[in-house]
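Spelled out, the chains give:
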Amino acid sequence: MSVIPTRVYIFLAVLLVAIQALVLFLFGQPAIAASGDVKLWEGVVLSVGNSQHLTDWYTFSHIIHGFLFYLGLWYFFPRIPIATRLVLAVGIEIGWEIIENTPMVIQHYREQALAQGYTGDSIINSVSDTVGMVVGFFLAWRWPVWSVVVIGLGFELFVGYSIRDNLTLNIINLIHVFPSIAAWQSGM
């Protein structure tokens, strides 16, 4: 069996991210926020800058994606080299980022309490989300399982407490909007 050089995997991952940016551009998503600013952090969920800058409250969810993708690929494909699993994880994350920015999903998000003005991600935010997933993947690969579990649960609790939303609630609301969750998220 021949060994594929690391640079091939890096090239494939970068190519996938370039495809991600191109598809989002073709969807009409802006490269950066309409304000023309590029901020490291956007902390106001109910703002036009949410999902438009490098990082925001949902970056924590993308790091957790990395944890989960590492776990799933490790469990189901233990013999595949780590670099191959990483490229697969990048592909899965990019697939989600593209689906998340389709008109149908954007409209579905708008029906939720915290995303009424949501217009989708800027390209820079979407690419940063993918980078966040890669960070999570590497942490899950290198750190003890217990620490990744504690960090993942900590992120969910911290973000849930801070903004009344997190990955778990996002998934629940994507499947079905429950009035009780929507009322809590809107502060009622």
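Criteria and thresholds
- Residues numbered from 1 in each chain as written.
- Predicted model: local features only at pLDDT ≥ 70, side-chain atom pairs only at ≥ 80, totals over all residues.
- Heavy atoms only, no water.
- Core = buried A, V, L, I, M, F, W, Y, C linked by side-chain atoms within 4.5 Å.
- Buried < 20%, exposed > 50% of the residue type's maximum accessible area, 1.4 Å probe, protein only.
- Helix = DSSP H or I, 4+ residues; strand = E, 2+ residues; numbered from the N terminus.
- Contact = heavy atoms within 4.5 Å.
- Axes fitted to C-alpha atoms, helices over the stretch in contact; angles between N-to-C directions.
- Parallel < 35°, antiparallel > 145°, perpendicular 65-115°, else oblique.
- Left-handed = near helix turned anticlockwise from the far one by under 90°.
- Arc of directions from axis to C-beta.
- Polar contact = N/O pair within 3.5 Å; in protein donor to acceptor, adjacent residues only side chain to side chain.
- Phe/Tyr/Trp six-rings, centres within 6.5 Å; stacked < 30°, edge-to-face > 60°.
- Lys NZ or Arg CZ within 6 Å of the ring centre and 35° of its normal.
- Salt bridge = Lys/Arg side-chain N within 4 Å of Asp/Glu carboxyl O.
- 1 Å grid on protein atoms, 1.4 Å probe; cavity = no way out; pocket = protein on both sides within 12 Å on 5 of 7 lines; lining within 4 Å.
- Points joined across faces, edges and corners; volume = space filled by probe spheres on them.
- Nonpolar A, V, L, I, M, F, W, Y, C, P; charged D, E, K, R; others polar.
- Expected span 1.5 Å × (residues − 1).

(A) Representation of the nonpolar core in the model. Of all hydrophobic cores here, the largest spans 23 residues; its most connected members are Trp-57, Phe-67, Ala-89, Met-133, Phe-137 and Ile-163. Per-element tally for this core: the top contributor is helix H2 (residues 59–76), with seven residues. Setting aside residues no more than four positions away along its own chain, Trp-57 makes contact with Trp-41, Glu-42, Gly-43, Val-45, Phe-158, Val-159, Ser-162 and Ile-163.

(B) Examining the packing of H2 against helix H6 (residues 145–163) more closely. The N-to-C vectors of H2 and H6 enclose an angle of 155°; their axes lie 10 Å apart at closest approach. Taken together, the axis directions place H2 and H6 in an arrangement best described as roughly antiparallel. Regarding H2 and H6, the two cross each other, and that crossing is left-handed. Taking contact as the criterion, the partners of Phe-60, Ile-63, Ile-64 and Phe-67 in H2 are, on H6, Val-148, Ile-151, Gly-152, Phe-155, Glu-156, Phe-158 and Val-159.

(C) Main features of helix H7 (residues 167–175). Restricting attention to buried positions, one finds in H7 the residues Leu-167, Leu-169, Asn-170 and Asn-173. End-on view of H7: buried residues confined to an arc of 160°, all on one side of the axis. On its buried side, H7 packs onto H2, helix H4 (103–110), H6 and helix H8 (179–185). Structurally, the start of H7 carries an N-cap: the backbone nitrogen of Thr-168 is 3.2 Å from a side-chain oxygen of Asn-166.

(D) Region of interest: the packing of aromatic side chains. Under the defined criterion, the tally for this structure stands at eleven aromatic pairs. Taking 5.9 Å as the distance between ring centres and 80° as the angle between the ring planes, the aromatic pair formed by Phe-60 and Phe-158 counts as edge-to-face. Linking Phe-60 in helix H2 with Phe-158 in helix H6, this pair joins segments that are 98 residues apart in sequence. Aromatic side chains Tyr-70 and Phe-137 sit 5.2 Å apart centroid to centroid with 80° between the ring planes, which places their arrangement in the edge-to-face category. Here Phe-137 lies in helix H5 (residues 123–142) and Tyr-70 lies in helix H2, a separation of 67 residues in the sequence. Exposure class is identical for Tyr-70 and Phe-137. Each is buried. When the ring centre of Trp-141 is taken as reference, the NZ or CZ atom of Arg-142 above it lies at 4.5 Å.

(E) Focus on the pattern of salt bridges. Under the counting rule described, the total for this entry stands at one salt bridge. Across the pair Glu-42 and Lys-39 runs a salt bridge, and its minimum N-O distance is 2.7 Å.

(F) Molecular detail of the layout of surface pockets. The computed volume of the second largest pocket comes to approximately 350 Å³. For the second largest pocket, the lining is made up of 16 residues, of which Phe-67, Leu-68, Leu-71, Val-148 and Val-149 are closest to its centre. Elements with a minimum of two residues in the lining of the second largest pocket: H2, H6 and H7. For the lining of the second largest pocket, a count of residues per class yields 13 nonpolar, two polar and one charged.

(G) Up close: helix H1 (residues 6–26). Helix length check: H1 (21 residues) gives 30 Å between terminal C-alpha atoms against 30 Å at 1.5 Å per residue, within 8%. For H1, the set of buried residues is Tyr-9, Ala-13, Gln-20 and Leu-24. The arc that holds the buried residues of H1, viewed along the axis, is 50°, so those residues lie on one side. Seen from the buried face of H1, the exposed residues on the opposite side, beyond 90 degrees, are Arg-7, Phe-11, Val-14, Phe-25 and Leu-26. Of the surrounding secondary structure, the elements contacted by the buried residues of H1 are helix H3 (82–100) and H5. One or two positions beyond H1, positive phi appears at Gly-28, with a value near 90°.

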